[in-house]
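Residue strings, one per chain:
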Amino acid sequence: MMTSSDLCLHSTLHTPPPTLFSSLATHFKLQPGFHLTSFSLSHHMKRGKKSSDAGEPVTNPDTRTGSSEADAVKPSLSSMKSMGLLLAVLMVASVMFSLSVVLRDPPSDDVVESVAASRVLQLRFHQANESDGGLSEKKDHLVPGFDEESCLSRYEASLYRKESPFKQSSYLESRFNRYQDLHRRCGPFTTFYNSTFDKLKLGDKSDGGVSGCSYVIWLNSDGELGSRMLSLASAFLYALLTDRVLLVEQGAEMADLFCEPFPYTSWFLPSEFPLNEQQSLLRHLVLDSSDQQKLESQALFNETPWLIMKADGYFVPSLFSISSFEQELEKLFPVKETVFYFLGQHLFHPTNVVWGLITRYYHAYLARADKRIGIHIEVSDTSNDQFQRLVEQILACGVRHELLPEVDKERHLPSSQVISRKSKAVFISSSSSPGYFESIRDVYWENPTVTGEILSVHRPSRKEYQKTQRNMESRREWTEIYLLSCSDVLMVTSPWSSLVEVAHGLGGLKPWVLNGTDHDSFCTRARSMEPCSQTPRSHGCKH
């Protein structure tokens, strides 16, 4: 409520123009005899005049005689004056309040921007809830140190995948937080990084224990994107286990594909780092998926703060076989098959460029379906007979396990006895001939389904990758991996593909794998969602 001092302040600072008073007088319908001038109200009572509508004679006060009559009139005049004064005060207060709202000093720019931003966010949230049935409420909470607009996938990913039954352990969450603190303290261009880097340039292979910062530098290879993602996730887990900071050789495309995963810092190795110099001070670790013995030699690695790692594929199973890591890994991952799933959630967020490719395709072809089936076909060149057998096996696997609806080739129109009107969308990813997509599509186009289900089949338009720039090739590959990971179920012709491993690992899916020998089941379901191609014997990773 506005105080008298507030009123005085506004009346002093903002004297309104005369035209405003006339409009206010009209607005408040002031009666004749009340005049509003510069916030003062005067009441002129015309004593010899009463309303002609009253029908009473006009009495001239000058002709009245006798003190008793005058005394009788005084209380009446006093009451009228009191009522008039009260009315005047109320009117003045109302006018002053209106003027204070209209003419008061505007708030500071910060307040205006804050209020405006709040209203915009509320409007967007309200509109999003109306348009997606409330799915926006599933968005992940904002993470301090990140700008939402710079990496939308970090906050919108949960809208495109079904909720996982797996929850990360509180210990894993605390270790992630501890690592983020370490990376923020020792990351590129920090005081500790600069100190350690200066010693390296001077030929000193240690930091003298001053900073307590040591690093593992992951070298970008020329392999497939899936293999690089598996290798990078493994390198991060190694850094987590050994209290090192992971730095990533940026290469030509990494920043184009992935957002920064850690707040307030960067995981990219500065371009001026002398990778090709000071080789005697940089210990190199070249790994493949079975190089367990090299990883066990931790004493050799501890003597230098700079470890250069070049790895091909997923070597997490080898980490589980190292006795010094075993207890820590069990605390981090009580369910062993969730390792890549949780590592991927923290590390691999598509950039806005890639996220646009993913979301536009998803909403155009997949979003309205009740169920989404991903199929990845990767085979070498086959004869016509082999091609047809593979198409039949894919369809038979889908029908046998109720992934795909059965078709009725005897009728051309849907049955009047409709069992289900649900829709399914099939997303086919294939580096092989487009004939597989066309054959499966035509089966469901030319024949009605037995149950009445509606099924649509889709495949991204693909140019020959050799004719596209490398960064566009990698964007397409990353888009297909992500769309496959958004499937409700996944069918693959072979599990031995890095693209497939990343897709089902990120999505928390156990894929159905075609079985070339068992014609009764046509396919079997993988027992793990972990990438298992290199070492199926380790950490519960079996197909």
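What comes next is a walk through the structure. Think of each chain on its own: its residues are numbered from 1, step by step along the sequence as written. Per-residue local features are limited, in this predicted model, to residues with pLDDT of at least 70; the limit for side-chain atom pairs, both in listing and counting, is 80 or more; totals at the level of whole chains, interfaces and linings are taken over all residues. Note: side-chain values were computed over all heavy atoms of the structure, leaving out hydrogens and water.

1. So, the state of the cysteines
Part 1 of the reasoning: A pair of sulfur atoms, both from cysteines and within 2.5 Å, is called a disulfide here. The tally for this structure, following the rule as stated, stands at 3 disulfides.
Part 2 of the reasoning: Paired through a disulfide, C186 and C213 show a sulfur-sulfur distance of 1.9 Å. Taking the torsion about the S-S bond as the criterion, the C186 to C213 disulfide, at about -60°, is left-handed. Separated by 27 residues along the polypeptide, C186 in helix α6 (residues 170-186) and C213 in the loop between α7 (191-201) and β3 (215-218) bring together distant segments of the chain. Of the two residues, C186 and C213, both sit in the buried class. Put simply, DSSP marks the helices as runs of H or I at least four residues long and the strands as runs of E at least two long, and each gets a number from the N terminus on. Here's how the labels work: a residue is buried when its accessible area is under 20% of the maximum for its type, exposed when over 50%, partly exposed in between, all with a 1.4 Å probe on protein chains only.

2. Describing the pairing of strand β10 (residues 489-492)
Part 1 of the reasoning: Where burial is concerned, the two faces of β10 agree: the one with V489 and M491 and the one with L490 and V492 are both buried.
Part 2 of the reasoning: In terms of strand pairing, strand β7 (residues 371-377) meets β10 through 4 bridges, oriented parallel. Counted as the bridge partner of G374 is L490 from β10.
Part 3 of the reasoning: Strands are treated as partners if at least two bridges between them are detected by DSSP. Here β10 pairs with strand β11 (residues 512-514) via 2 bridges, running parallel. If you follow V492 over to β11, its bridge partner there is V513.
Part 4 of the reasoning: Every crossover in which the path from the first strand over the helix to the second runs clockwise, viewed with the strands pointing away from the viewer, is termed right-handed. In terms of handedness, the path from β10 via helix α19 (residues 498-507) over to β11 forms a crossover that is right-handed.

3. Looking at the packing of helix α8 (residues 225-242) against helix α14 (residues 339-347)
Part 1 of the reasoning: Two elements in contact, α8 and α14, have axes whose closest approach is 10 Å; the angle formed by their N-to-C orientations is 95°. Relative to α14, α8 is oriented roughly perpendicular. Contacts between α8 and α14 involve M229, L230, L232, A233, F236 and L237 from the first element and V339, F340, L343 and L347 from the second.
Part 2 of the reasoning: The residue inventory of the contact of α8 with α14, partitioned by class, reads 10 nonpolar, no polar and no charged. Whenever a helix is involved, its axis is fitted only over the stretch in contact; in every case the axis is a line through C-alpha atoms, and angles between N-to-C directions fall within 0 to 180 degrees. Any angle that is under 35 degrees is reported as roughly parallel, and any over 145 degrees as roughly antiparallel; angles of 65 to 115 degrees are reported as roughly perpendicular and all others as oblique. Only heavy atoms matter for contacts: two residues are in contact if any of them lie within 4.5 Å across the pair. When residues are grouped by polarity, Ala, Val, Leu, Ile, Met, Phe, Trp, Tyr, Cys and Pro land in nonpolar, Asp, Glu, Lys and Arg in charged, and all others, Gly among them, in polar.

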